[in-house]
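What follows is each chain in one-letter form.
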Amino acid sequence: MNNMNSEDPFLFIEDDGNANQSESVADQNVWNILIIDDDPDVHSATMFALHDLKILSRNLHFLHAYTTAEARQILIHQEDIAVVLLDVVMEKDNTGLQLVTFIRDTLNRRDIRIILRTGQAGYAPEIDAIRDFDINDYKNKTELTQAKLFTAVTSAIRSYQQIRIISSNNESLELIVGAGSLLMTVNTLPSFSKLLLDYIIELLQIDVEGFVCITNISTYDQNVEYETQLGPRVIVTTEKFENYANKFLALNGQTNELQLVQKALFEQRHLFHSQQTALYLSNLNGSAIVIYLDQSLEEAPYARHMIELFCSNASVCLQNVMLNSKMHNLAFHDPLTGLANRLQLLQNLQQILHSQQRADSVLALIDINHFAETNDALGHRFGDVLLHSVGQRLREHFADNCKIARIGNDIFALLGHEEIVSPKLVLSLFSTPFSVENQSVQLSVSLGLLRLCDYELSAPDALKDANIALKRTKSDLRSDHTYFTREMGVEIRERVRMMHALRAAFEAERLYIVYQPQVEIGSGKPFGVEALLRWKNDDGELIPPDQFIPIAEYSGLIVNIGEWVLRTACFELVRISELGFQQFRMAVNVSQAQFMHPLFLQMLKRALTDSGISPQNLELEITESMAMTDPELVIANLEKIKEMGVRISIDDFGTGFSSLSQLQKLKVNKLKIDRAFINDICIGTDEGSIAKMIIELSQSLQLEVIAEGVENQLQADTLRTFGCHHAQGFLFAKPKNKNDLYSWLEQHI
């Protein structure tokens, strides 16, 4: 202060007792001014000149440094310094300029405004200093009157504010752009809402509490109507409002928060009140989100602008998250009942299998008996309402304790504690009728259950095994529930293994046909053969037909195999005819699946045409039980087959429950007596009565009759006395391959 004259008003400043104050202050309602000067009088004079003045509606707060070291510490630890009043000459001639370099380059503080002051102007020429250093102003202390000092500081603060706004703008815009990118990747509403709240708090940079609530969100929850009446539901909160979490806002009473949120929803806009804020987001589907904040933004136009911009971008992202949420619901929920679907059940099942819960957990599959008939009789709409009612009843009784799913058309699943998922409890739910469209519907169900306590396979395997138990229940009419056992698993997996092996064998042409001669009992003269399918596995082991034929029928492979057998037999009949057996017959078994196939008649006609055989030499064998399954369809097909000239035989006759009237309607050509009744013919007994009755029945109906499984002469002689003249069996000839058959036939011409 050596150069100050008596006219300088700073000379008359009195110390106000705050000259040594240098503590850090981070108050947004003041401007922090750092005075750096080794002369205490300068500190006092500066404070006096700016005493009680406000700039841009804020008071000034002064920080004091008397040495370079003090200045550096304050600059390092104090963030919100608007202006530095810096003496150029302190410990050294260029101390002030070194501090400028420290502020700009070392601390990278580009926002601070620096006013250099000097009492020795020659030590740092003004033009050179302004040119070479990033400073806001350069003043000689002698020219800094109160007015000029106030003007310089005000100008510096305005500049500081503009720089901070621009910087904050850039940071906020970067934040908004980054937020938009991240929000577009979110798949669930809770995650989306949590990000919304976090980003808004980060944008505001103030201590604020709040929550996010949703309304009109379209989900597969069956309580949508109930939720619509209760209004917005809180989905995410900060700590202050955590007791609101996952609750309807209306359940907390008529609070200020509820009133503001409801008003924002009604007016469909943001609301900025004196003590609180509500931000409104919506999408094209009418879904809405409201973000409640317990702080006012009325006095922060810049913050409001950025928040509005953020919410505008977030609304676009809301459309995306709703689509993702919908896809998520479609992936994991059943749209009809609102319950979990098979995929969600598998996830829940996998979690339990890898937790301690599996020790006492049970998986139960619930199949509605005769649902298909109900659906066909009363319509699919009625069936849908019925399924929804079943799902609702399961939800009411098990939702708090179990995982519930609909995994098939009329199959539901329960996953929970064994004491809750018990057959008695589940079955009891279906003792009360269901009310559907003013009709009372009584349902019964079948259960398949799997205990998870010792289960070592995966979730898909568990579901398969529970289904095995369910099928066992459905096939056993005496039981309404079955628990899965390891023996069931071994049995079904062996069937699956055999099914794959059979398919592979058929594709590799490892199946083959043998032919068993049919003869006249008296003369032993052959008049036909029966084509029989055989299969040897890769080890040369012969697989019995009664093992692989049911598997072929179950898998549907029997249709292709049956067509191959029929065509092969027809072409073989051509070769037999070339040996001189012109009126020779070929009998071929036809399975139910093959006979009922819509293209069977076309396939039969094609086989006749391609082979060129006489149709009356082909005889199709169908079982008695098959003939009774769908008599009208069977009769219609048989009539068309007879029109082609092909003969029909009832195989295994006597083992079914056909009536005489149905038998007459079938108009078949022949009855084949099952080997079980032939075995009843023994020495010294009068058994064989059923065989005799069948023979007499065929005679009265004017049908041919043939006995199979004839193995001894007594059986043959007894059959002749009964009036049966045709037979096949080991007594006459075993099944033979085609080459052996040719040799055998040549010996019996």
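Before going into details, it helps to say that this report is about the structure given with it. Worth saying up front: this structure is predicted, and the values here are computed from it rather than measured.

So, how was this worked out
- Residues numbered from 1 in each chain as written.
- Predicted model: local features only at pLDDT ≥ 70, side-chain atom pairs only at ≥ 80, totals over all residues.
- Heavy atoms only, no water.
- Pairing = 2+ DSSP bridges.
- Helix = DSSP H or I, 4+ residues; strand = E, 2+ residues; numbered from the N terminus.
- Axes fitted to C-alpha atoms, helices over the stretch in contact; angles between N-to-C directions.
- Buried < 20%, exposed > 50% of the residue type's maximum accessible area, 1.4 Å probe, protein only.
- Contact = heavy atoms within 4.5 Å.
- Phe/Tyr/Trp six-rings, centres within 6.5 Å; stacked < 30°, edge-to-face > 60°.
- Parallel < 35°, antiparallel > 145°, perpendicular 65-115°, else oblique.
- Nonpolar A, V, L, I, M, F, W, Y, C, P; charged D, E, K, R; others polar.
- 1 Å grid on protein atoms, 1.4 Å probe; cavity = no way out; pocket = protein on both sides within 12 Å on 5 of 7 lines; lining within 4 Å.
- Points joined across faces, edges and corners; volume = space filled by probe spheres on them.
- Salt bridge = Lys/Arg side-chain N within 4 Å of Asp/Glu carboxyl O.
- Core = buried A, V, L, I, M, F, W, Y, C linked by side-chain atoms within 4.5 Å.
- Polar contact = N/O pair within 3.5 Å; in protein donor to acceptor, adjacent residues only side chain to side chain.

1. Section: the sheet that holds strand β14 (residues 411-417)
Spatially, the five strands line up as an open sheet ordered β13-β14-β12-β17-β18, and their pairing is mixed. Since the sheet does not close on itself, it has two edges, and those belong to β13 (403-406) and β18 (481-483), each with one partner. Here the strands of the sheet are splayed against their neighbours by 15° on average, with no regard to which way each runs. Here four bridges tie β13 to β14, and the two strands are oriented antiparallel to one another.

2. Quick word on the pairing of strand β10 (residues 277-282)
Buried residues dominate β10, accounting for five of its six residues. Relative to β10, strand β9 (residues 271-272) runs antiparallel, the two sharing two bridges. The residue bridging phenylalanine 272 from the neighbouring strand is threonine 277, located in β10. The hairpin turn running from β9 into β10, its antiparallel successor, is four residues long. One ladder, built from six bridges, connects β10 with strand β11 (residues 288-293); its direction is antiparallel. The residue of β11 that forms the bridge with leucine 281 is isoleucine 289.

3. Section: the environment of isoleucine 622
With respect to the element layout, isoleucine 622 can be found in strand β22 (residues 618-623). On a C-alpha basis, the gap between isoleucine 622 and aspartate 652 in space is 8.7 Å, while along the polypeptide they are 30 residues apart.

4. Points about the sheet that holds strand β7 (residues 210-215)
Spatially, β8-β7-β11-β10-β9 is the arrangement adopted by the five strands of the open sheet, whose pairing is antiparallel. In the strand order of this sheet, the two ends are held by β8 (233-237) and β9, each with one partner. Sheet analysis places β7 next to β11, joined by six bridges and oriented antiparallel. Bridge pairing links valine 212 to isoleucine 291 in β11. Each of β7, β8, β10 and β11 touches helix α6 (residues 189-204); the most contacted strand, β11, lies at about 40° to it. Those strands touched by helix α8 (residues 256-267) are β7, β9, β10 and β11, and its axis lies near 140° from that of β11.

5. Details of the packing of aromatic side chains
Applying the stated criterion to the full structure yields eleven aromatic pairs. For the ring pair tryptophan 535 and phenylalanine 548, a centre distance of 5.7 Å and an interplane angle of 90° mean the geometry is edge-to-face. Placement of tryptophan 535 in strand β20 (residues 526-535) and of phenylalanine 548 in helix α16 (residues 545-555) is noted, with a sequence separation of 13 residues between them. Classification of tryptophan 535 as buried rests on a relative accessible area of 4%. With a relative accessible area of 1%, phenylalanine 548 lands in the buried category. Taken together, the aromatic side chains of Phe211, Phe241, Tyr244 and Tyr292 make up a single cluster linked through ring pairs.

6. Looking at the packing of helix α10 (residues 342-353) against helix α14 (residues 459-475)
Running from N to C, α10 and α14 point in directions that differ by 110°, and their axes come no closer than 8 Å. One way to sum up the angle between α10 and α14 is to call them roughly perpendicular. In this structure, α10 contributes Arg342, Leu345, Leu346, Leu349, Gln350 and Leu353 to the contact, and α14 contributes Ala459, Pro460, Ala462 and Leu463. Its residues assigned to classes, the contact of α10 with α14 comprises eight nonpolar, one polar and one charged.

7. Observations concerning the layout of surface pockets
Roughly 1,000 Å³ of volume is contained in the second largest pocket. Taken together, 37 residues form the lining of the second largest pocket, with Leu532, Pro545, Ile549, Asn589 and Asp651 sitting closest to its centre. Looking at the lining of the second largest pocket, the elements that each hand over two or more residues are β20, α16, α17 (558-578), β21 (585-589), α18 (592-596), β22, α20 (624-629) and β23 (647-653). For the lining of the second largest pocket, a count of residues per class yields 15 nonpolar, eleven polar and eleven charged.

8. Things to note about the pattern of salt bridges
If you walk through the whole model with that rule in mind, you get 20 salt bridges. Note that arginine 381 is salt-bridged to glutamate 437, the shortest N-O span being 1.9 Å. Note that arginine 381 is positioned in helix α12 (residues 380-398) and glutamate 437 in the loop between β15 (434-436) and β16 (439-441), a separation of 56 residues in sequence. Under the relative-accessibility criterion, arginine 381 is labelled exposed at 59%. Close ionic contact of aspartate 538 with arginine 510 constitutes a salt bridge, the shortest N to O distance being 3.3 Å.

9. Quick notes on the nonpolar core
The biggest cluster of nonpolar side chains holds 79 residues, and the ones touching the most others in it are Leu618, Leu620 and Ile641. For this core, the element with the highest residue contribution is α17, accounting for nine residues. Those residues in contact with isoleucine 641 that sit more than four places away from it in its chain are Phe595, Phe600, Leu601, Leu604, Leu620, Val646 and Ile648. In this structure, Leu195, Tyr199, Ile235 and Leu279 belong to the second largest nonpolar core, which totals 31 residues.

10. Observations concerning the side chain of asparagine 32
Here asparagine 32 is to be found in strand β1 (residues 30-36). Here asparagine 32 falls in the buried class, since its relative accessible area comes to 2%. Polar contacts involving the side chain of asparagine 32 include one to the side chain of histidine 61, which spans 3.3 Å.

11. Remarks on the side chain of lysine 672
Its place among the elements puts lysine 672 in strand β24 (residues 670-673). Owing to a relative accessible area of 0%, lysine 672 belongs among the buried residues under this scheme. A polar contact of 2.8 Å, which involves the side chain of lysine 672, links it to the side chain of glutamate 530. A polar contact is formed between the side chain of lysine 672 and the side chain of glutamate 621, at a distance of 3.0 Å. Apart from residues no more than four positions distant in its own chain, lysine 672 is found in contact with Gln518, Glu530, Glu621, Ser649, Ile650, Asp651, Asp652, Phe653, Ile706, Glu708 and Gln728.

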